[in-house]
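So you can see what is in the structure, the chains are spelled out below.
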Amino acid sequence: MELIICDHDIVETLVIEKSVIDYCKGRNVQVLIRCCTNWQELTCLLKEKPANPVIVAKAGVAGLDIITGLKVSLGRLIWFSDLDFGVQAYQLGIPYFNMKPITHEKVYHALKMIEFMTSIHNSIPLRISIIIS
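Residues numbered from 1 in each chain as written. Predicted model: local features only at pLDDT ≥ 70, side-chain atom pairs only at ≥ 80, totals over all residues. Heavy atoms only, no water.

A. Representation of the side chain of Ser-19. With respect to the secondary-structure elements, Ser-19 resides in helix α1 (residues 10–26). Overall, the relative accessible area of 2% leaves Ser-19 in the buried class. In this structure, Ser-19 is in contact with Thr-103, His-104 and Val-107, ignoring residues within four places of it in sequence. (Helix = DSSP H or I, 4+ residues; strand = E, 2+ residues; numbered from the N terminus. Buried < 20%, exposed > 50% of the residue type's maximum accessible area, 1.4 Å probe, protein only. Contact = heavy atoms within 4.5 Å.)

B. Quick look at the state of the cysteines. Overall, the coordinates contain 0 disulfides when judged by the stated rule. As a non-bridged cysteine, Cys-6 has Cys-36 as the owner of its nearest cysteine sulfur, 3.6 Å distant. Here Cys-36 falls in the buried class, since its relative accessible area comes to 3%. (Disulfide = S-S within 2.5 Å.)

C. Quick look at the packing of aromatic side chains. Scanning the entire structure with this criterion turns up 4 aromatic pairs. Taking the centre distance of 5.4 Å and the plane angle of 15° together, the rings of Trp-79 and Phe-85 count as stacked. Both residues of the pair, Trp-79 and Phe-85, belong to the buried class. (Phe/Tyr/Trp six-rings, centres within 6.5 Å; stacked < 30°, edge-to-face > 60°.)

D. How the structure looks around the nonpolar core. By size, the foremost hydrophobic cluster in this structure holds 19 residues, and its most contacted members are Ile-4, Leu-42, Leu-46, Val-54, Val-56 and Trp-79. Ranked by size, the runner-up nonpolar core spans 16 residues in total, among them Val-20, Ile-78, Phe-80 and Ala-110. (Core = buried A, V, L, I, M, F, W, Y, C linked by side-chain atoms within 4.5 Å.)

E. Summary view of the pairing of strand β2 (residues 32–36). Pairing analysis gives 5 bridges linking strand β1 (residues 2–6) to β2, with the strands arranged parallel. Bridge pairing in β2 places Leu-3 opposite Ile-33. Where the polypeptide runs from β1 across α1 and back to β2, its parallel neighbour, the crossover connection is right-handed. (Pairing = 2+ DSSP bridges. Right-handed = clockwise from strand over helix to strand, strands pointing away.)

In structure tokens:
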């Protein structure tokens with residue numbers, strides 16, 4: 001698993017990192033964590049190499065701006081905010097939104113949700129229809 005954490009708060013970033021490492025260790029999955037503090041850095045990191053998932057934990061409208069401005073699959077996003085953007089997250093199709101404070105349990109649940117959504121997506125057979133008229 002390779003993921004990016006976008007957060008300006010070092011304490012929150014450390015909580016997320018530790019939670020991700022514990023989650024992956026329990027599943028015998030290697031993890032590479034990259035971190036940034038703003039949307040410009042996040043965009044550069046995503047251009048260098050995609051990540052799955054991207055965790056955005058920015059305060060206020062800054063988080064909403066990042067979420068709505070990203071050019072990545074919204075199904076790969078985990079969003080934490082100090083404001084209740086639950087409705088917006090739902091409307092945007094983001095699989096996991098929760099309010100701060102960030103806890104080990106919230107991060108664990110978010111990763112489990114992303115893992116579940118990915119497994120469902122990967123198990124759906126690809127069907128191609130050709131219509132000849």
